[in-house]
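In case you want the letters, here they are:
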Amino acid sequence: MLPLPALALVPACRAPGSLAEPWTPPGPWLLPPLLLLALYLAGLWRLWRRAPGRGIVPLEAAGFVAGIVLLAFLLGGPPNAYARWSLGAHMAQHMLLLAVVPPLLLGGRPWAVISGALPRSLAWGLHRSLHPALAWLAARLGPATVAHAAVMVLWHLPGSLQAAVASTRLHEAMHASFLLAGLWFWAALWRRIRDAGAGPAPGVVASVALMMVMGFLGALLTFAPRPLYPLYAFRAPEVGLEPLADQQLAGLLMWVPSCLPYLAGALWLTWKGLGRAQRAPGRAGR
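How each quantity is defined
Residues numbered from 1 in each chain as written. Predicted model: local features only at pLDDT ≥ 70, side-chain atom pairs only at ≥ 80, totals over all residues. Heavy atoms only, no water. Patch = residues over 30% accessible without salt bridge, like charges linked within 9 Å, V, L, I, M, F, W, Y side chains within 5 Å. Areas by Shrake-Rupley, 256 points an atom, 1.4 Å probe, with all protein chains shown as cover. Salt bridge = Lys/Arg side-chain N within 4 Å of Asp/Glu carboxyl O. Lys, Arg positive; Asp, Glu negative; His and termini not counted. Charge placed at Lys NZ, Arg CZ, Asp CG, Glu CD. Helix = DSSP H or I, 4+ residues; strand = E, 2+ residues; numbered from the N terminus. Buried < 20%, exposed > 50% of the residue type's maximum accessible area, 1.4 Å probe, protein only. pLDDT = per-residue confidence, 0-100. Contact = heavy atoms within 4.5 Å. 1 Å grid on protein atoms, 1.4 Å probe; cavity = no way out; pocket = protein on both sides within 12 Å on 5 of 7 lines; lining within 4 Å. Points joined across faces, edges and corners; volume = space filled by probe spheres on them. Nonpolar A, V, L, I, M, F, W, Y, C, P; charged D, E, K, R; others polar. Phe/Tyr/Trp six-rings, centres within 6.5 Å; stacked < 30°, edge-to-face > 60°. Axes fitted to C-alpha atoms, helices over the stretch in contact; angles between N-to-C directions. Parallel < 35°, antiparallel > 145°, perpendicular 65-115°, else oblique. Core = buried A, V, L, I, M, F, W, Y, C linked by side-chain atoms within 4.5 Å. Polar contact = N/O pair within 3.5 Å; in protein donor to acceptor, adjacent residues only side chain to side chain.

Q: Got a minute to help me understand a positive patch on the surface in this structure?
A: A contiguous patch of positive charge, built from Arg46, Arg49, Arg50 and Arg120, is present on the exposed surface. Looking at which element gives the most residues to the positive patch, the answer is helix 1 (residues 31-50), with three residues. Along the polypeptide, Arg49 turns up in helix 1. The exposure class of Arg49 is exposed, given its relative accessible area of 55%.

Right under this line is the structure:
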């Protein structure tokens, strides 16, 4: 943890003020998601023009668009400004990048749509070069779960989080690691959900294990008798927050609502597994 005298070394920044003010000007980070959105909409238009009502359903497409909009909001809107002053706001930002944005993006089946917007030779070349590696990663649920948990734990150590808040580059790297770890885990979980031959048990165990890690970290923050992050203890009062209450809010956000997407994934896998088990005797009797 940074000692209080060291807080003077942290770059100063102006308190964000009202929610209407803290919108970050568009930066280079916004270009990749905007490009993905443009390609997705172009591919969707071509797909639906050729086969209306087939392929990607509107709910899947809406999920992808919502994921891109949420990503832009988290990285360029009020959450990003308030994250430097409130641990609760920072935790909400992290949990949405880990647990909400990735399943929204992946649920829209982006590659199947975006490939339709690219020249056929380019789409085939990208598929041939990227698909083996992506398929290999999606089949590694265990390592994806470990990476997911490691990102949660390591970046929420007081020293790591405070160092990231004090450095713009490190802060961006932290956000990128949350998003990439989230995409890896949810891609592996989506594979389990969609693969008719995959058993549900590994995905359920992985989801429950991550909920346990989040619950443990959330409980530590919620019940800590004193602020664990001196930087936020110094900054939270500047925006009208009591440091310990702000830390407790961060812990509750990690502990309760952030676990809901993982619980939904575990329940979905269980439901799919039960459905397959019920259909199995019918197949065997034929």
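Q: It is not clear to me how the confidence of the model for the protein chain should be interpreted in this structure. Could you clarify?
A: Mean pLDDT over the protein chain works out to 85, with 84% of the residues at or above the 70 mark. Here helix 14 (residues 260-285) stands out as the least confident element of the protein chain, with mean pLDDT 74; helix 8 (residues 141-155) is the most confident, with 96. Below pLDDT 50 for its whole length, residues 1-12 participates in 18 contacts with residues either more than four positions away or in separate chains.

Q: Help me understand empty space enclosed by the protein, please; the structure alone is not making it clear to me.
A: Over the atoms rolls a probe the size of a water molecule, and its path tells where empty space is left. On inspection of all chains with the given rule, the structure shows one cavity of 30 Å³ or more. The computed volume of the largest cavity comes to approximately 40 Å³. Every residue along the wall of the largest cavity is listed here: Leu87, Pro227, Leu228, Tyr229, Tyr232, Ala233, Pro243, Asp246 and Gln247. Of all the secondary structure elements, the ones that give two or more residues to the lining of the largest cavity are helix 12 (230-235) and helix 13 (243-255). If you tally residues by element for the lining of the largest cavity, the top one is helix 13, at three residues. Along the lines of polarity and charge, the residues of the lining of the largest cavity split into seven nonpolar, one polar and one charged.

Q: Help me understand the packing of aromatic side chains in this model?
A: We describe a pair of aromatic rings using the distance from one ring centre to the other and the angle between the two ring planes. Per the stated rule, a full pass over the model turns up seven aromatic pairs. With centroids separated by 3.9 Å and ring planes inclined at 15°, the aromatic side chains of Tyr40 and Phe64 adopt a geometry described as stacked. Remark: Phe64 occurs in helix 2 (residues 58-76) and Tyr40 occurs in helix 1; sequence separation between them is 24 residues. Both residues of the pair, Tyr40 and Phe64, belong to the buried class.

Q: Before we go on, may I ask you to explain the packing of helix 9 (residues 158-166) against helix 10 (residues 168-194) in this structure?
A: A pair of packed helices can be characterised by two numbers: the angle between their axes and the separation between those axes. In contact at an axis separation of 5 Å, helix 9 and helix 10 are set at 120° when each is read in the N-to-C sense. As the angle between them shows, helix 9 and helix 10 are arranged oblique. Contact with helix 9, carried on its side by Leu161, Ala163, Ala164 and Ala166, involves Thr168, Leu170, His171 and Met174 of helix 10 and no other residues of that element. Taken together, the residues of the contact of helix 9 with helix 10 sort by class into six nonpolar, two polar and no charged.

Q: I'm lost on the layout of surface pockets in this one. Help?
A: Taken as a whole, the second largest pocket holds about 420 Å³ of empty space. Lining the second largest pocket are 18 residues, with Pro103, Leu104, Gly107, Trp190 and Trp268 sitting closest to its centre. Elements with a minimum of two residues in the lining of the second largest pocket: helix 2, helix 5 (101-107), helix 10 and helix 14. Of the residues in the lining of the second largest pocket, the class split is 12 nonpolar, three polar and three charged.

Q: Looking at this structure, how should I read unusual backbone geometry?
A: Glycine aside, a negative phi is what most residues show, and trans is what most peptide bonds show. At Arg109, a position not held by glycine, the phi torsion is positive, near 50°. With relative accessibility at 30%, the residue Arg109 sits in the partly exposed group.

Q: How should the nonpolar core be read in this particular structure?
A: Nonpolar side chains tend toward joint burial in soluble globular proteins. Formed by 57 residues in total, the largest nonpolar core has its most connected members in Tyr40, Phe185 and Tyr262. Tyr40 has contacts with Ile56, Glu60, Ala61, Phe64, Gly108, Arg109, Pro110, Val113 and Ile114, leaving out every residue within four places of it along the chain.

Q: Before we go on, may I ask you to explain the pattern of salt bridges in this structure?
A: Side chains carrying opposite charge are able to pair once their charged atoms draw close together. Tallied over the full model, the rule gives two salt bridges. Arg109 is paired through a salt bridge with Glu60; the nearest N and O atoms lie 3.0 Å apart. Of this pair, Arg109 sits in the loop between helix 5 and helix 6 (110-114) while Glu60 sits in helix 2, placing them 49 residues apart in sequence. Between Arg169 and Glu172 there is a salt bridge, and its shortest N-O distance comes to 3.3 Å. Residue Arg169 and its partner Glu172 are both found in helix 10; the two are separated by three residues, about one turn of the helix. For Arg169, a relative accessible area of 65% translates into the label exposed.

Q: I tried to follow the environment of His94 on my own but got confused; where do I start?
A: Positionally, His94 belongs in helix 4 (residues 87-99). A sequence separation of 11 residues divides His94 from Ala83, and the C-alpha atoms of the two residues are 9.6 Å apart.

Q: Mind showing me how you'd approach a nonpolar patch on the surface here?
A: On the surface, a nonpolar cluster with roughly 390 Å² of combined accessible area is contributed by Leu130, Leu134, Trp136 and Leu137. Inspection of the secondary structure assignment puts Leu134 in helix 7 (residues 120-138).

Q: Would you take a moment to explain the side chain of Asp246 for this structure?
A: As for its position among the elements, Asp246 is in helix 13. Buried charged residue Asp246 carries no salt bridge. Nearest counter-charge: Arg235, at 11 Å. Separated by 2.7 Å, the side chain of Asp246 and the backbone nitrogen of Leu87 make a polar contact. Each residue touching Asp246, except ones within four places of it in the same chain, is listed here: Trp85, Ser86, Leu87, Gly88, Ala236 and Leu241.

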